[in-house]
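Take a look at the letters that make up each chain.
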Amino acid sequence: MAEGEDMQTFTSIMDALVRISTSMKNMEKELLCPVCQEMYKQPLVLPCTHNVCQACAREVLGQQGYIGHGGDPSSEPTSPASTPSTRSPRLSRRTLPKPDRLDRLLKSGFGTYPGRKRGALHPQVIMFPCPACQGDVELGERGLAGLFRNLTLERVVERYRQSVSVGGAILCQLCKPPPLEATKGCTECRATFCNECFKLFHPWGTQKAQHEPTLPTLSFRPKGLMCPDHKEEVTHYCKTCQRLVCQLCRVRRTHSGHKITPVLSAYQALKDKLTKSLTYILGNQDTVQTQICELEEAVRHTEVSGQQAKDEVSQLVRGLGAVLEEKRASLLQAIEECQQERLARLSAQIQEHRSLLDGSGLVGYAQEVLKETDQPCFVQAAKQLHNRIARATEALQTFRPAASSSFRHCQLDVGREMKLLTELNFLRVPEAPVIDTQRTFAYDQIFLCWRLPPHSPPAWHYTVEFRRTDVPAQPGPTRWQRREDVRGTSALLENPDTGSVYVLRVRGCNKAGYGEYSEDVHLHTPPAPVLHFFLDGRWGASRERLAISKDQRAVRSVPGLPLLLAADRLLTGCHLSVDVVLGDVAVTQGRSYWACAVDPASYLVKVGVGLESKLQESFQGAPDVISPRYDPDSGHDSGAEDATVEASPPFAFLTIGMGKILLGSGASSNAGLTGRDGPAAGCTVPLPPRLGICLDYERGRVSFLDAVSFRGLLECPLDCSGPVCPAFCFIGGGAVQLQEPVGTKPERKVTIGGFAKLD
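In this text the structure is predicted, and so the values were computed from the model without any measurement.

Enquirer: How do you make sense of the overall build of the protein chain when you look at a structure like this?
Expert: A tally of regular secondary structure across the protein chain gives 13 helices and 33 strands. Taken across its 759 residues, the protein chain has 35% of its residues classed as buried. Expressed as a percentage of contacts within the protein chain between residues at least 6 apart in sequence, the contacts between residues at least 24 apart total 65%. For the protein chain, the exposed surface amounts to about 47100 Å²; the carbon and sulfur share of it is 55%.

Shown next as structure tokens:
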């Protein structure tokens, strides 16, 4: 029993050692210098937070042309690494920069050259090419002397060396790879040497010759981290510069106003963060392994898909080759048939001409026929012969080859095909569409319009996604409603919820797959159902001055001669006429909304609603108005009404003139929309592109809105004791355009004026 337990304990110990050995082996790549690919030796921390051996950094700077800036001799006066003038014979000679590169560096202000003074107006800034991040890191004027040594990394490297090679030989730190085994160590120089390097760095007759050699070791490190500028121990951490500082650094002007904390606080904060992150990673090892499996599966799928793509491309190219070969054969066959036909015709013509030569059969036969003296017999034989001779004579006189020898009509124009083949490339997914905000709007329905950017691959169809943003958030991923396979560059979203905010986006798709989504666009829907109506010009004093469009969606006031005659009486009393046009639908219940656009050049236009009976009574035979300040709505809209009137007025109008909206100074007309969230009363605001009117019949309220942003402009009470219909008043020139409904207008019955008809 005890023997089994001992075997189990031994197995557990061996498994633990294997895991530790594997972990250390995996950690080895973190301890390799990116330049020499060996264990770090006196690593320096670059400003980009990467590490590099001090000797390697000095060599890199030398190769970059920064002569004499490999380090500051005063940084480590007892270190052999700080004396580049004395180098081991095993080290290769420093590679000097090429003359053209050195000349370019000197001209640009880098490097040292005769005549350059220390402390010049343009100090030298040393740039170090980091081999880890492949970026140029600015080291400042001091170069490597202004960098900290990474003592923690040195300790990790030393522990790793001891764990993977216990009792192994310590190598010389100054030899060129492969280094020799170290035989001596120097506490003063803080380095290990072979016999040759120790003699070279401790020559007889110098102060270094008095250094006492010790056994080789890797534990030569300063007791604490010293400031490279002042050679004092660092005590604080500058969060602004992200750099350790000493007491003298704190009082320097370069750190004035910076957030500096003690090293203990920075140590505890960073240790807590690192511990928390490491705990999270260790606690999610299953997730990491799952993601590794997914990545490995993605690698396999990529290999398979790549091979399939190669096979598909090869098959398509072979198909093109087969089509070209088939076309080549058919074209050559056509040329061959044309050639044989021409040769046959030319051969027949040659034979025909040869028959005309002296001694030929036809000429000899004709000569023999001419010898015939019997007239009837001659006529009988010569008739057919004469026809043949006549045709031959005509052909001789009008000689022309029976066929052309040129084949220019068989030339091929392959310019377009060659261009297509040259431009043959992989199909890319469409780029993110650009939503046209000028043509996208929400009314009775939502109309979304977009376009592809220039030079974007074409899209076969689009996917439109939309959702409401004013609904309570629900757990889980955001639910988007989707419209698939949308053809064209516009879409119609039917039956949106009123008084809501929708966010929409779109993306294209072709054979290569789906492209990126467009930027999200937010649209406000109207606060109430949209009222569809047309303009009816049967009411008003001067219908001849109102021009209504054929579709009954727009009206323009043309005052003409009456306004000119009124201008003549301007000093004694101006007589202007009020023209009105009503909507052909009256509202008797619920909430309704409609929008219109007013021409900014209009002189005076009033947009609103009113009781149908009062409107007919007021404007059926309205006389001329004595003053242009007269309001057809009893002075309600601009605050001209008496504030003591308690009954709701029969009209509610918004006054617009010369591109401005006049907000009345009435006491209660702006309640709820003025003050902090709306414009102040008794002022003017710019005219928006579209005005919206929202009528709440049950509450007896009407609201005027900016139909683009749905920002409130004015809210008024209204007498809703009877049918209420839209109304538009004109004093002088002006124009109003009703907003077109997005969807198909339903069939409706006109209810104004007692007449009934179907549209």
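Enquirer: Just to check I follow, could you spell out the sheet that holds strand 9 (residues 243-245) for this structure?
Expert: Each strand in a sheet pairs with its neighbour through backbone hydrogen bonds, running either in the same direction (parallel) or in the opposite one (antiparallel). Here we have 3 strands laid out as an open sheet, ordered 9-8-10, and antiparallel in their pairing. The open sheet terminates on both sides in strands that have one partner only, identified here as strand 9 and strand 10 (260-262). On average, adjacent strands in this sheet sit at an angle of 35° to one another, irrespective of strand direction. Relative to strand 10, helix 7 (residues 263-283) is tilted by about 85°, and along the sheet it contacts strand 8 (236-238), strand 9 and strand 10.

Enquirer: What is the right way to look at the pattern of salt bridges in this model?
Expert: Oppositely charged side chains are able to pair whenever their charged atoms sit close together. Applying the stated criterion to the full structure yields 15 salt bridges. Taking the shortest distance from any N to any O, the salt bridge between Glu-715 and Arg-699 comes out at 3.9 Å. One end of the pair, Glu-715, is in strand 31 (residues 712-717); the other, Arg-699, is in the loop between strand 29 (691-696) and strand 30 (701-706), and 16 residues separate them in sequence. Glu-715 sits in the buried class, given a relative accessible area of 13%. What makes Arg-699 exposed here is its relative accessible area of 55%. Each member of the salt-bridge network shares a partner with another, and the members are Arg-591, Asp-696, Arg-699, Arg-701 and Glu-715.

Enquirer: Got a minute to help me understand the environment of Leu-144 in this structure?
Expert: Structurally, Leu-144 is set in the loop between strand 4 (136-140) and helix 4 (151-164). Separated by 87 residues in sequence, Leu-144 and Ala-57 place their C-alpha atoms 7.8 Å apart.

Enquirer: I would appreciate a short explanation of the pairing of strand 17 (residues 501-510) in the present structure.
Expert: Each regular strand displays side chains that alternate between the two surfaces of the sheet. By the criterion of burial, strand 17 is predominantly enclosed, with 10 of the 10 residues buried. Alternating positions in strand 17 separate into two faces, Val-501, Val-503, Arg-505, Arg-507 and Cys-509 on one and Tyr-502, Leu-504, Val-506, Gly-508 and Asn-510 on the other, with burial throughout. Pairing between strand 17 and strand 19 (residues 521-524): 4 bridges, direction antiparallel. Directly across from Tyr-502, in strand 19, lies its bridge partner Leu-523.

Enquirer: Can you help me understand the sheet that holds strand 5 (residues 184-186) in this one?
Expert: If you trace the 3 strands from one edge of the open sheet to the other, you get 6-5-7, paired in antiparallel fashion. Each having just a single partner strand, strand 6 (191-193) and strand 7 (213-214) make up the two edges of the open sheet.

Enquirer: Would you mind going over the packing of aromatic side chains with me for this structure?
Expert: One pass over the full model with this rule turns up 8 aromatic pairs. Taking 6.0 Å as the distance between ring centres and 40° as the angle between the ring planes, the aromatic pair formed by Phe-193 and Phe-201 counts as tilted. On the basis of relative accessibility, which here comes to 0%, the residue Phe-193 falls in the buried class. Taking the relative accessible area as the measure of exposure, Phe-201 reaches 4% and is therefore buried. Each ring, one from Phe-533 and one from Trp-594, has its centre 5.9 Å from the other, and the planes form 90°; the classification is edge-to-face. One end of the pair, Phe-533, is in the loop between strand 19 and strand 20 (535-536); the other, Trp-594, is in strand 24 (residues 591-598), with 61 residues separating them in the sequence. Linked through ring pairs, Phe-193, Phe-198 and Phe-201 together constitute an aromatic cluster.

Enquirer: How do you make sense of the layout of surface pockets when you look at a structure like this?
Expert: Gaps between atoms show up when a probe of the same size as a water molecule is rolled over them. Estimates place the volume of the largest pocket at around 1900 Å³. Along its surface, the largest pocket is lined by 40 residues, and Phe-148, Tyr-237, Gln-242, Arg-243 and Leu-244 are the ones closest to its centre. Of all elements in the fold, only helix 4, strand 9 and helix 7 reach the threshold of two or more residues within the lining of the largest pocket. Among the elements that make up the lining of the largest pocket, the one with the highest residue count is helix 7 (8 residues). Structurally, the lining of the largest pocket is a two-domain feature, drawing no fewer than three residues from each of domain 1 (30-66 + 123-166) and domain 2 (265-397).

Enquirer: Is there a simple way to think about a nonpolar patch on the surface in this case?
Expert: A cluster of nonpolar side chains, Leu-320, Leu-412, Val-414, Met-418, Leu-421 and Leu-424, forms an exposed patch at the surface whose accessible area comes to about 570 Å². Here Met-418 shows up in helix 11 (residues 415-422).

Enquirer: What's the story with helix 2 (residues 54-63) in this structure? I'm lost.
Expert: Owing to its 3.6 residues per turn, the α-helix brings residues three or four apart onto one side. Helix 2 sits mainly inside the fold: 7 of its 10 residues count as buried. Those residues of helix 2 not exposed but buried are Gln-54, Cys-56, Ala-57, Arg-58, Val-60, Leu-61 and Gly-62. Buried positions along helix 2 lie against strand 1 (43-45), strand 2 (51-53), strand 3 (126-129) and strand 4. Positive phi shows up at Gly-65, right after helix 2, with a value of about 95°.

Enquirer: I tried to follow the nonpolar core on my own but got confused; where do I start?
Expert: Nonpolar side chains in soluble globular proteins tend to be buried together. In terms of nonpolar packing, the biggest core is built from 47 residues, with Tyr-593, Ile-661, Leu-691 and Phe-728 touching the most fellow members. In terms of residue count, strand 24 provides more of this core than any other element does, 5 residues in total. Setting aside residues no more than four positions away along its own chain, Ile-661 makes contact with Leu-654, Thr-655, Ile-656, Cys-683, Thr-684, Val-685, Pro-686, Leu-687, Pro-688, Leu-691 and Leu-713.

Enquirer: Would you mind showing me how to read the state of the cysteines here?
Expert: In protein chemistry, a disulfide is the covalent bond that joins the sulfur atoms of two cysteines. Taken as a whole and judged by the stated rule, the model has 0 disulfides. Looking at Cys-246, it has no disulfide partner, and the nearest cysteine sulfur is the one in Cys-249, 3.5 Å off. Judged by its relative accessible area of 0%, Cys-246 falls in the buried class.

Enquirer: It is not clear to me how the confidence of the model for the protein chain should be interpreted in this structure. Could you clarify?
Expert: Low pLDDT marks stretches whose predicted atomic positions should not be read closely. Here the protein chain averages 76 in pLDDT, and 73% of its residues register 70 or above. Counted against residues more than four places away or in other chains, residues 622-645, with its pLDDT under 50, gives 49 contacts.

Enquirer: Got a minute to help me understand the pairing of strand 13 (residues 446-451) in this structure?
Expert: Relative to strand 13, strand 11 (residues 434-435) runs antiparallel, the two being bridged by 2 bridges. Each residue of the ladder has a partner; that of Val-434, found in strand 13, is Arg-451. The hairpin formed by strand 12 (residues 441-442) and strand 13 contains 3 residues between the paired strands. For strand 13 and strand 16 (residues 490-493), the ladder comprises 4 bridges, and the chain directions are antiparallel.

The rules behind each value
Residues numbered from 1 in each chain as written. Predicted model: local features only at pLDDT ≥ 70, side-chain atom pairs only at ≥ 80, totals over all residues. Heavy atoms only, no water. Helix = DSSP H or I, 4+ residues; strand = E, 2+ residues; numbered from the N terminus. Buried < 20%, exposed > 50% of the residue type's maximum accessible area, 1.4 Å probe, protein only. Contact = heavy atoms within 4.5 Å. Areas by Shrake-Rupley, 256 points an atom, 1.4 Å probe, with all protein chains shown as cover. Pairing = 2+ DSSP bridges. Axes fitted to C-alpha atoms, helices over the stretch in contact; angles between N-to-C directions. Salt bridge = Lys/Arg side-chain N within 4 Å of Asp/Glu carboxyl O. Phe/Tyr/Trp six-rings, centres within 6.5 Å; stacked < 30°, edge-to-face > 60°. 1 Å grid on protein atoms, 1.4 Å probe; cavity = no way out; pocket = protein on both sides within 12 Å on 5 of 7 lines; lining within 4 Å. Points joined across faces, edges and corners; volume = space filled by probe spheres on them. Domains from an automatic or database assignment. Patch = residues over 30% accessible without salt bridge, like charges linked within 9 Å, V, L, I, M, F, W, Y side chains within 5 Å. Core = buried A, V, L, I, M, F, W, Y, C linked by side-chain atoms within 4.5 Å. Disulfide = S-S within 2.5 Å. pLDDT = per-residue confidence, 0-100.

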